[in-house]
Amino acid sequence: MLANMRPVDEREFSRLLAEASATSTPIALAGAGTKAGVGRPMNATTHLSTRALRGITLYEPNEMVMSARSGTSLAQIEDALSARRQMLAFEPIGPASLAGGEADGTIGGIFATNLSGARRIRVGAARDHLLGVRAVSGSGEVFKSGGRVMKNVTGLDLCRGLAGSWGTLAVMCEVTFKVQPMPEETATLVMLGLPDEIAVEVLCEAMTTPYEVSGAVHLQPSFVARLWHDGLRAQGQAVTALRLENFAKSVAYRKVRLKEHLKAYGEIHDLDTENSQPFWGELRQLSVLQDSDAPLWRISTAPTAGPKVVAAISAYMRCRAFYDWSGGLVWAEVLPTTDAGAADIRRVIAAHGGHATLIRAEPQVRAAVEVFQPLEAGLERLSRRLKATFDPAGILNPGRMYAHF
């Protein structure tokens, strides 16, 4: 029988994890469970949740820094920031419905998975905004790393090590992170009907300009048909979009100059702030990837290689693609097969470079294939040493990322 526990503070986490480590009891660690369907299935007898660790413990708008307990909902964090016209600049994405999770994630889960949105190309990933953390290791040891400013991070930056570890190294109990002001105005330049190769060429060309593009995406027609944005969905063509943000005068100037720079690629349409924000908001929610049971891969590669990767995968199976990060992030839906196309996709990635993570598939498929990108020998040795240091008994989310640790 699965035991479900919600410790109320780090001392209780410390005690429970020390006991579990001593008895080698496997622990399924989660926040709100929004990403429970991502990763390999785990055989854990105890479910440990951070949801009782709630509340913002520090917010200094003038310093643009916030601390919160890890179980604090993302909605609460963003409501508090919005009241002061501030935001999480890396745009945490919410793939809850992609993997059968709940609607609203936690701030700890955001940093544990390091899943970042379209603005990552300009401001960095979630881990780049994490300043400090209080956590409990798999053996029950309480530790802290970092502080309230970047200069406090000296020696080994444990914050970056924990970010993206998917709960396999330690339980984050409190996180401190930097925030940024909301832009005064947002504009979007849109081109319609471009093939993937030309679209990504446009995105990459825009990123080389001094006009501070903060979002660069391309959606194939099959994904445009799923948009909530009525105006763009009605076009029935591929959509290539570039976002410009900041003060109104700056946006107006950069929009004119960028349109002039890209005019050789064809007609360029405008979306104002009122239409831009819903569009980028739904992409952050990965709306175009919802309402589908097809296996979904998250592929990271060099931006210019994105269309080549999709074309190579398409030689083996049907592949529908949504490009983000100027083509460097590809969300690829493929036909259901016994391995969700893993063998062919790994072959393509080996040829073109990058890594691929299986985000959505049936449990039996996720149990049979490598869900996360297989590690090279040197990186695997390092990962095993980190796991042995933080979680010597191997109790935290065992097998979620890799089968044997």
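Residues numbered from 1 in each chain as written. Predicted model: local features only at pLDDT ≥ 70, side-chain atom pairs only at ≥ 80, totals over all residues. Heavy atoms only, no water.

**As for the packing of aromatic side chains**
Which entries qualify depends on this criterion: The criterion for an aromatic pair is that two Phe, Tyr or Trp rings (for Trp, the six-membered ring) have centres within 6.5 Å, with stacked assigned to planes under 30 degrees apart, edge-to-face to planes over 60 apart and tilted to the rest. Going along the chain from the N terminus, every DSSP run of H or I of four or more residues is numbered as a helix, and every run of E of two or more is numbered as a strand. Burial here depends on accessible area, computed with a 1.4 Å probe over protein chains only, as a share of the maximum for the residue type. Under 20% is buried, over 50% is exposed, and the range in between is partly exposed. We call a charge positioned above a ring when the Lys NZ or Arg CZ atom is no farther than 6 Å from the ring centre and deviates by at most 35 degrees from the ring normal.
Per the counting criterion, the structure on display carries seven aromatic pairs. Here the aromatic rings of W166 and F372 are separated by 5.6 Å at their centres, their planes lie at 70°, and the arrangement is edge-to-face. Of the two residues, W166 sits in the loop between α5 (158–162) and β9 (170–178) while F372 sits in the loop between α13 (363–368) and α14 (377–390), which places them 206 residues apart along the sequence. Accessibility classification places W166 together with F372 in one group, the buried group. An angle of 15° between the planes, with centres 5.6 Å apart, marks the rings of Y402 and F405 as stacked. A residue is classified by how much of its surface remains accessible, and Y402, at 11% relative accessible area, is buried. Members of the aromatic cluster, connected to one another through ring pairs, are W166, F372, Y402 and F405. Positioned above the aromatic ring of W325, the side-chain terminus of R120 is 4.4 Å from the ring centre.

**Overview of the packing of helix α6 (residues 196–207) against helix α9 (residues 248–262)**
Note the cut-off: Each axis is a line fitted through C-alpha atoms, taken for helices only over the stretch in contact, and angles between the N-to-C directions span 0 to 180 degrees. Throughout this description, any angle smaller than 35 degrees is read as roughly parallel, any larger than 145 degrees as roughly antiparallel, any in the 65 to 115 degree range as roughly perpendicular, and the remainder as oblique. If you view the pair so one helix is near and one far, a crossing is left-handed when the near helix is turned anticlockwise from the far one by less than a right angle, and right-handed when it is turned clockwise. Note on contacts: a residue pair is in contact if any heavy atoms of the two residues lie within 4.5 Å. The nonpolar class holds Ala, Val, Leu, Ile, Met, Phe, Trp, Tyr, Cys and Pro. Asp, Glu, Lys and Arg form the charged class, and all remaining residues, Gly among them, are polar.
Running from N to C, α6 and α9 cross one another at 130°; their axes reach a closest spacing of 11 Å. For the element pair α6 / α9, the angle class is oblique. In this structure, α6 crosses over α9, and the sense of that crossing is right-handed. Where α6 abuts α9, its residues V202, E205 and A206 lie against L258, H261 and L262. The residue inventory of the contact of α6 with α9, partitioned by class, reads four nonpolar, one polar and one charged.

**Examining the environment of S82**
Along the polypeptide, S82 turns up in helix α2 (residues 74–83). Considered as a pair, S82 and V136 are 54 residues apart in the sequence and their alpha carbons are 31 Å apart.

**Description of the packing of helix α11 (residues 306–314) against helix α12 (residues 342–352)**
Viewed as axis vectors pointing N to C, α11 and α12 meet at an angle of 145°, and their least axial separation amounts to 10 Å. The element α11 and its partner α12 pack so that their crossing is right-handed. Packed against α11, whose contacting residues are K308, V309, A312 and I313, the element α12 presents I345, V348, I349 and H352 at the interface.

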